[in-house]
Amino acid sequence: MNEVIRVSDKTREKLIDYYKDMKKDKVIPYVVFQAVDMDTVITLYESGKVMFQGKNADMDAEMWREIDGQSKIDKKQIKEEEKKYYYCSSIGSDEVGTGDYFGPIVVSSCYVKEEDIPYLEELGIKDSKKLTDEKILQIAPKIAKKIPYKSVILSNSEYNEKYTHDVNMNKIKALLHNRVLHELMQENYKIDYLIVDEFARERRYYEYLEDAPFIQKGITFMTKAEDKNLAVASASIISRYLFLKEMDKLSDSIHIPLPKGAGVEVDKIGEEIVEKFGEDKLKEIAKLNFKNTQKILHTLLY
Ligand code: MN
């Protein structure tokens, strides 16, 4: 099956980021990259077109159409439909740190009762990406006091040990989400929905969990879930808070403030760290499979 879609520049950036660990090395004329995700081959053309090939090509294309806001369903109808995921009792999860070279990956799940919604709204809860670090540090402890949550922090050492050979960020995410959701579900809270911000299609999400010791079922996957459900929004804030605290600890331990993201500033600081502490230090504070590692080490050779 073949599906071709065209996406906006913003979605194109997301698409490049999403498939960055699954790219093929092959260089093809007029092609930005070709990637393989399970049984689907994804080709992004310079023209802005994206081709999906494989037996689940339609599912993958539909996910990107949704992210790009091209879904065929009536917008008003969606808004109505979404209310039920907002005004409800739910457990939701979200992750932080997957796009940052330095620092751990943090995934949290939260339980929000319908009665807690006004309090959370009053705190000004939004997707953590839209809040300043200052605001996160201020409101996360209040959320943590009010609502039950579970978090897992995957340290850089663990990440680098476990995922050196077969790094697939979406699989890592799936395993960690599964773990914190399962843990919180053991408390037997009364919930209407169990919600995960959609980073992979449902079928694929469960394929990633093949070797997991337990599998949390019954999840509703949705795009932009942080905006639609307060359990997911709370989980994103608590995750961000823990991430910031871990980054502080790492920065203190080497007396160098670690930048977020994966840009040039990160490379610069990375070089400084290698000069001071040696290459091995990166294993403890960075995600080695990121391209930044090569940039940092390559620069030192010349
Ligand atoms: Mn998310």
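Residues numbered from 1 in each chain as written. Predicted model: local features only at pLDDT ≥ 70, side-chain atom pairs only at ≥ 80, totals over all residues. Heavy atoms only, no water.

Peer 1: I would appreciate a short explanation of the coordination of the manganese ion in the present structure.
Peer 2: Ideal coordination angles are 109.5 degrees for a metal with four donors arranged tetrahedrally and 90 or 180 degrees for a metal with six donors arranged octahedrally. In this structure, Asp 94 (OD) and Asp 197 (OD) serve as the protein donors to the manganese ion, at separations of 2.3 to 2.4 Å. Pair noted here: Asp 94 is in strand β5 (residues 90–96) and Asp 197 is in strand β8 (residues 193–197), with a separation of 103 residues, a long-range link. (Donors = N, O, S within 2.8 Å, 3.2 Å for Na, K, Ca; no water. Helix = DSSP H or I, 4+ residues; strand = E, 2+ residues; numbered from the N terminus.)

Peer 1: Which parts of the structure should I look at to understand helix α11 (residues 264–277)?
Peer 2: An ideal rise of 1.5 Å per residue puts 20 Å on 14 residues; α11 measures up with 20 Å between its terminal C-alpha atoms. Of the residues making up α11, those classed as buried are Val 266, Asp 267, Ile 269, Gly 270, Ile 273 and Val 274. The buried residues of α11 occupy an angular sector of 170° when projected down its axis, which confines them to one face. Of the exposed residues in α11, the ones pointing more than 90 degrees away from its buried face are Val 264, Lys 268, Glu 275 and Lys 276. At the exit of α11 stands Gly 278, carrying a positive phi of roughly 90°. (Expected span 1.5 Å × (residues − 1). Buried < 20%, exposed > 50% of the residue type's maximum accessible area, 1.4 Å probe, protein only. Arc of directions from axis to C-beta.)

Peer 1: So what exactly am I meant to see when it comes to the nonpolar core here?
Peer 2: Across soluble globular proteins, you tend to see nonpolar side chains buried next to one another. Counting residues in each nonpolar core, the largest one holds 33 residues, and the members touching the most others are Tyr 19, Val 50, Phe 52, Trp 64, Tyr 205 and Ile 219. Taken together, the elements giving at least two residues each to this core come down to α1 (9–18), β2 (31–37), β3 (40–45), β4 (49–53), α2 (57–67), α7 (169–185), β8 and α8 (202–208). Residue contacts for Ile 219: discarding those within four places in its chain leaves Leu 181, Leu 194, Val 196, Glu 202, Tyr 205 and Tyr 206. One finds Leu 154, Val 180, Met 247 and Val 266 within the second-largest nonpolar core, a separate group that totals 29 residues. (Core = buried A, V, L, I, M, F, W, Y, C linked by side-chain atoms within 4.5 Å. Contact = heavy atoms within 4.5 Å.)

Peer 1: It is not clear to me how the sheet that holds β8 should be interpreted in this structure. Could you clarify?
Peer 2: Hydrogen bonds between backbone atoms are what pair the strands of a sheet, whose relative direction is either parallel or antiparallel. Taken together, the five strands give an open sheet; going across it, the order is β7-β6-β5-β8-β9, and neighbouring strands pair in mixed fashion. Every other strand in the sheet has two partners, leaving β7 (149–154) and β9 (220–222) as the edge strands with one partner each. Strand-to-strand, the axes of this sheet are offset by a mean angle of 20°, without reference to chain direction. For β5 and strand β6 (residues 105–112), the ladder comprises seven bridges, and the chain directions are antiparallel. Bridge pairing in β6 places Gly 92 opposite Cys 110. (Pairing = 2+ DSSP bridges. Axes fitted to C-alpha atoms, helices over the stretch in contact; angles between N-to-C directions.)

Peer 1: What is the right way to read the pattern of salt bridges from this model?
Peer 2: Two side chains that carry opposite charge are able to pair once their charged atoms sit near each other. Enumeration over the complete set of coordinates arrives at 21 salt bridges. For Lys 113, the salt bridge identified is with Asp 116, shortest N-O distance 3.8 Å. Since its relative accessible area comes to 31%, Lys 113 is described here as partly exposed. The salt bridge partner of Glu 265 is Lys 268, with a shortest N-O separation of 3.5 Å. Taken together, the residues Glu 265 and Lys 268, both in helix α11 and three residues apart, mark about one turn of the helix. (Salt bridge = Lys/Arg side-chain N within 4 Å of Asp/Glu carboxyl O.)

Peer 1: Got a minute to help me understand the sheet that holds strand β1 (residues 2–6) in this structure?
Peer 2: Across the sheet, which stays open at both edges, the four strands sit in the order β1-β4-β3-β2 with antiparallel pairing between neighbours. The two strands at the open ends of the sheet, each matched to only one other strand, are β1 and β2. Neighbour-to-neighbour, the strand axes of the sheet open up by a mean angle of 15°, direction not taken into account. Sheet analysis places β3 next to β4, joined by four bridges and oriented antiparallel. Paired with Val 41 across the strands is Gln 53, a residue of β4. Strand contacts of α2: β1, β3 and β4, with the helix running at about 10° to β1, the strand carrying the most contacts.

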